[in-house]
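# Chain and residue survey
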Amino acid sequence: MKQKIKTGILMTALAVGSLHIVNRCAQAFATVKNLLDKHKGAFYDWRFGQVYYTKTGSGSPLLLVHDLAPAASSYEWDLLLKDLSADHTVYCLDLLGCGRSDKPNLTYTNYFYVQLINDFIEHVIHEKTDIIATGLSSSFVLMACSTNPDAYNKIMMINPESISNLKCTPSKRSRIIKFIMDLPIVGTAVYNMQMRRENIEYLFTEKYFYNPFSVSKKTLDIYHEAAHLDECGGKYLLSSLDGFYLNADISRALNSINNSLFILEGRKTEERERTVEGYVRLNSAVEYDFIENTEKYPQMENPQAVMEFIDMFF
């Protein structure tokens, strides 16, 4: 009996050790090209970690906030930066838990990012700013604006999360998922499986871009790398996302905002009309429009069309 226990312990140790090696190899393979250079920007030393950002151009301040996902980063805005910098001082950050910023082991919440955005504007930008945000990030930008309206001017949202989806709250099942994902070795292995390059390519060709042939190899490589930086610390953000800890009912905040708001939707995104209707119902001043032949990331798929709307709104 003792021999069986010893054998079981040994086999378990070997399996865990092998899994750890596989995890390290996956991280090394994904980051070997070093495509996301940290030296091009600076770091804001926030109380929960260092936040990477760049500052370009001159003119009225404009803050760009990428979609909230473990593979996302400020690279999302690269095709717009040159044009935007001609008329604006453009601040482009990697949210904590993403890209080149720190990825601390904690439970990420909507209010966590509300504090980050408000603090970044106060300590780095130092004046009232316009904002463009994508996807789920639009929700905490609106929440931040409702808590500190004097720091915000106009807000553009690109394919924001629907009001109904934002009302989903953590359940027993989602808490179990988060617990597994947060485990040191097993959780990292699960994360690496989800963040495989093949899975990222699937998301871009089937959900993010309307035209799958316009997705570049560089884009896939950068998203794959971003997901594996900081020893795959993006898994803590993913576990919070999967656990619905980042959702928040923004109905009251949206209803109270007097700022100019504009929603830009990819024409081919699912439930686009329903999403827009949800926002307009809560704040009748919300303007909106659609970009043809694009899905989740029109700023990457058709940056010229997005710039036309930005020039009109700002």
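Notes on the structure follow.

## Describing the overall build of the protein chain
On a plain count of helices and strands, the protein chain comes out with 14 helices and 8 strands. In terms of overall dimensions, the protein chain is globule-like: its C-alpha atoms have a radius of gyration of 20 Å, near the 20 Å expected for 314 residues. Pairs at least 24 apart in sequence give 79% of the contacts found in the protein chain among residues at least 6 apart. Treating the 32 positive side-chain charges of the protein chain as one cloud and the 37 negative ones as another, the clouds have centres 10 Å apart.

## Concerning the packing of helix α6 (residues 172–181) against helix α10 (residues 234–242)
Two elements in contact, α6 and α10, have axes whose closest approach is 8 Å; the angle formed by their N-to-C orientations is 170°. It follows that α6 is roughly antiparallel to α10 by the angle criterion. Here S174, I177, K178 and M181 of α6 lie close against α10, whose contacting residues are K235, L238, S239, S240 and D242. Residue composition of the contact of α6 with α10, grouped by class: 3 nonpolar, 3 polar and 3 charged.

## Notes on the pairing of strand β2 (residues 49–56)
Pairing analysis gives 5 bridges linking strand β1 (residues 42–46) to β2, with the strands arranged antiparallel. Counted as the bridge partner of D45 is Q50 from β2. Where β1 folds back onto β2 in an antiparallel hairpin, the turn is made up of 2 residues.

## Quick notes on a nonpolar patch on the surface
Where nonpolar side chains cluster on the molecular surface, the patch consists of I176, F179, I180 and V186 and spans about 370 Å² of accessible area. With 3 residues, α6 is the largest single contributor of residues to the nonpolar patch. Inspection of the secondary structure assignment puts I176 in helix α6. Judged by its relative accessible area of 45%, I176 is partly exposed.

## Considerations on helix α9 (residues 217–232)
Across its 16 residues, α9 extends 21 Å between first and last C-alpha, which sits within 8% of the 22 Å expected from 1.5 Å per residue. Taken across its 16 residues, α9 has 12 buried, putting it largely inside the fold.

## Remarks on the side chain of D67
Looking at where D67 falls in the secondary structure, it is placed in the loop between β3 (60–65) and α2 (78–84). Within the local environment of D67, its side chain forms a polar contact with the side chain of K296, the two groups lying 3.2 Å apart. Every residue in contact with D67, bar those within four places of it in the chain, is listed here: A72, E76, T134, G135, L136, S137, K296 and Y297.

## Concerning the sheet that holds strand β8 (residues 287–291)
Spatially, β1-β2-β4-β3-β5-β6-β7-β8 is the arrangement adopted by the 8 strands of the open sheet, whose pairing is mixed. One side of each edge strand has no neighbouring strand; the edge strands of this open sheet are β1 and β8. If you compare each strand with its neighbour and ignore which way they point, the axes differ by 25° on average.

## Description of the pattern of salt bridges
For the structure on display, the rule yields 10 salt bridges. Salt-bridge contacts for D182 lead to K178; the nearest nitrogen and oxygen are separated by 2.6 Å. The partly exposed category is assigned to D182, whose relative accessible area is 21%. Here R272 makes a salt bridge to E273, at a shortest N to O gap of 3.5 Å. Note on R272: relative accessible area 22%, which makes it partly exposed. Connected through salt bridges with shared partners, the residues K33, R197, K217 and D221 form a single ionic network.

Conventions adopted
Residues numbered from 1 in each chain as written. Predicted model: local features only at pLDDT ≥ 70, side-chain atom pairs only at ≥ 80, totals over all residues. Heavy atoms only, no water. Helix = DSSP H or I, 4+ residues; strand = E, 2+ residues; numbered from the N terminus. Rg over C-alpha atoms; globule rule 2.2 N^0.38 Å. Contact = heavy atoms within 4.5 Å. Lys, Arg positive; Asp, Glu negative; His and termini not counted. Charge placed at Lys NZ, Arg CZ, Asp CG, Glu CD. Axes fitted to C-alpha atoms, helices over the stretch in contact; angles between N-to-C directions. Parallel < 35°, antiparallel > 145°, perpendicular 65-115°, else oblique. Nonpolar A, V, L, I, M, F, W, Y, C, P; charged D, E, K, R; others polar. Pairing = 2+ DSSP bridges. Patch = residues over 30% accessible without salt bridge, like charges linked within 9 Å, V, L, I, M, F, W, Y side chains within 5 Å. Areas by Shrake-Rupley, 256 points an atom, 1.4 Å probe, with all protein chains shown as cover. Salt bridge = Lys/Arg side-chain N within 4 Å of Asp/Glu carboxyl O. Buried < 20%, exposed > 50% of the residue type's maximum accessible area, 1.4 Å probe, protein only. Expected span 1.5 Å × (residues − 1). Polar contact = N/O pair within 3.5 Å; in protein donor to acceptor, adjacent residues only side chain to side chain.

Purely geometric numbers; function is a separate question.
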